[in-house]
Amino acid sequence: MLRNLFVIVAAFFFGGCGDMVELVSQTKTVAAPREEVFKKMFGTDGAMFRDIPLVTNGGSNRLYELVLERNDPRWNLLAPKERPEAQKIKLAVTMEIPRETHIVYSVDDGALQTGLKFTFEELEPDKTRVAFTIDDLTGHDAEGMAVNTVKLHALARDALNKLDDFKEVKEST
């Protein structure tokens, strides 16, 4: 399941040329405790990322990191087509359970970097707002490239749809 998510994310991270588009967030507020919402999206204690090596010692703060070099058999799953000379890709998942999950995609030690971030805000004991944001594309090789926000917003919507078992709460503005 995780591997499929990363293949999709990697395939759509970069798209087209031109100026950076202003990136907006997507949110969903549900009638459930923050811990239950986090568990529904990422499994108990981030179990969704079990295929990525854990490089910190667990607890509520975790860092999972997958580093692929050009000779790795999985290279084609995450390699950016727009940068065929790339040599190294890092996929890092930082978690502050149950408050935040941040997935960072980096090519050649930050020559290109972007990410996806979910935050879980407890509004009341049984009411949680989940927000999804896309990081700006940064790095010295990012000129003329843009993140394909349409595809990433579709991925965000798919992730937020995991919360459909909870009653959605309409927030007053």
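If you're wondering where the values come from, they're calculated on a predicted model, not measured in any experiment.

Looking at the overall build of the protein chain
Here is step 1: The number of helices and strands found in the protein chain is 4 helices and 8 strands.
Here is step 2: Listed by position from the N terminus, the elements making up the protein chain come as α-β-β-α-β-α-β-β-β-β-β-α.
Here is step 3: By residue count, 43% of the 173 residues in the protein chain fall in the buried class.
Here is step 4: At a minimum sequence separation of 6, the contacts of the protein chain that also span at least 24 residues come to 60%.
Here is step 5: Counting every atom, the protein chain has about 9200 Å² of accessible surface; 48% of that belongs to carbon and sulfur.

What about the confidence of the model for the protein chain?
Here is step 1: For the protein chain, per-residue confidence averages 81 on the pLDDT scale, and 84% of positions sit at 70 or higher.
Here is step 2: Ignoring residues within four places in sequence, the model shows residues 14-25, a span with pLDDT below 50, making 31 contacts including any to other chains.

A few points about a negative patch on the surface
Here is step 1: There is a patch of like negative charges on the surface, built from Glu35, Glu36, Glu122, Glu124 and Asp126.
Here is step 2: Secondary-structure elements contributing two or more residues to the negative patch are helix H2 (34-42) and strand S6 (112-124).
Here is step 3: As for its placement among the helices and strands, Glu122 is situated in strand S6.

Structural notes on unusual backbone geometry
Here is step 1: The residue after Ile97, namely Pro98, is reached through a cis peptide bond having omega 0°.
Here is step 2: As for its placement among the helices and strands, Pro98 is situated in the loop between strand S4 (88-96) and strand S5 (100-107).
Here is step 3: Even without being a glycine, Asp108 presents a positive backbone phi close to 50°.
Here is step 4: Secondary-structure assignment places Asp108 in the loop between S5 and S6.
Here is step 5: Positive phi, normally seen in glycine, also occurs at Asp109, with a value near 55°.

Notes on the side chain of Arg62
Here is step 1: Structurally, Arg62 can be placed in strand S3 (residues 61-69).
Here is step 2: Given the relative accessible area of 18%, Arg62 is considered buried.
Here is step 3: A polar side-chain atom of Arg62 sits 3.1 Å from the main-chain carbonyl oxygen of Gly59.
Here is step 4: A polar atom in the side chain of Arg62 sits 3.1 Å from the side chain of Tyr64.
Here is step 5: Excluding its chain neighbours within four sequence positions, the residues that come into contact with Arg62 are Asp45, Leu54, Thr56, Val93, Thr94, Met95 and Ile97.

Digging into the sheet that holds strand S7 (residues 127-134)
Here is step 1: The strand order across the open sheet built from 6 strands is S2-S7-S6-S5-S4-S3, with neighbouring strands paired in antiparallel fashion. Both edges of this open sheet fall to strand S2 (26-30) and S3, since each of them pairs with a single strand only. For this sheet the average axis-to-axis angle between neighbouring strands, irrespective of direction, equals 10°.
Here is step 2: In the sheet, S6 pairs with S7 via 8 bridges, with the strands oriented antiparallel. Residue Glu121 lies in a different strand from S7, and its bridge partner there is Arg129.
Here is step 3: Helix-sheet contacts for H2 involve S2, S4, S5, S6 and S7, and the interaxial angle to S6 is about 145°.
Here is step 4: Against the sheet, helix H4 (residues 149-160) touches S2, S6 and S7, its axis set at about 10° to S2.

Conventions adopted
Residues numbered from 1 in each chain as written. Predicted model: local features only at pLDDT ≥ 70, side-chain atom pairs only at ≥ 80, totals over all residues. Heavy atoms only, no water. Helix = DSSP H or I, 4+ residues; strand = E, 2+ residues; numbered from the N terminus. Buried < 20%, exposed > 50% of the residue type's maximum accessible area, 1.4 Å probe, protein only. Contact = heavy atoms within 4.5 Å. Areas by Shrake-Rupley, 256 points an atom, 1.4 Å probe, with all protein chains shown as cover. pLDDT = per-residue confidence, 0-100. Patch = residues over 30% accessible without salt bridge, like charges linked within 9 Å, V, L, I, M, F, W, Y side chains within 5 Å. Salt bridge = Lys/Arg side-chain N within 4 Å of Asp/Glu carboxyl O. Lys, Arg positive; Asp, Glu negative; His and termini not counted. Charge placed at Lys NZ, Arg CZ, Asp CG, Glu CD. Polar contact = N/O pair within 3.5 Å; in protein donor to acceptor, adjacent residues only side chain to side chain. Pairing = 2+ DSSP bridges. Axes fitted to C-alpha atoms, helices over the stretch in contact; angles between N-to-C directions.

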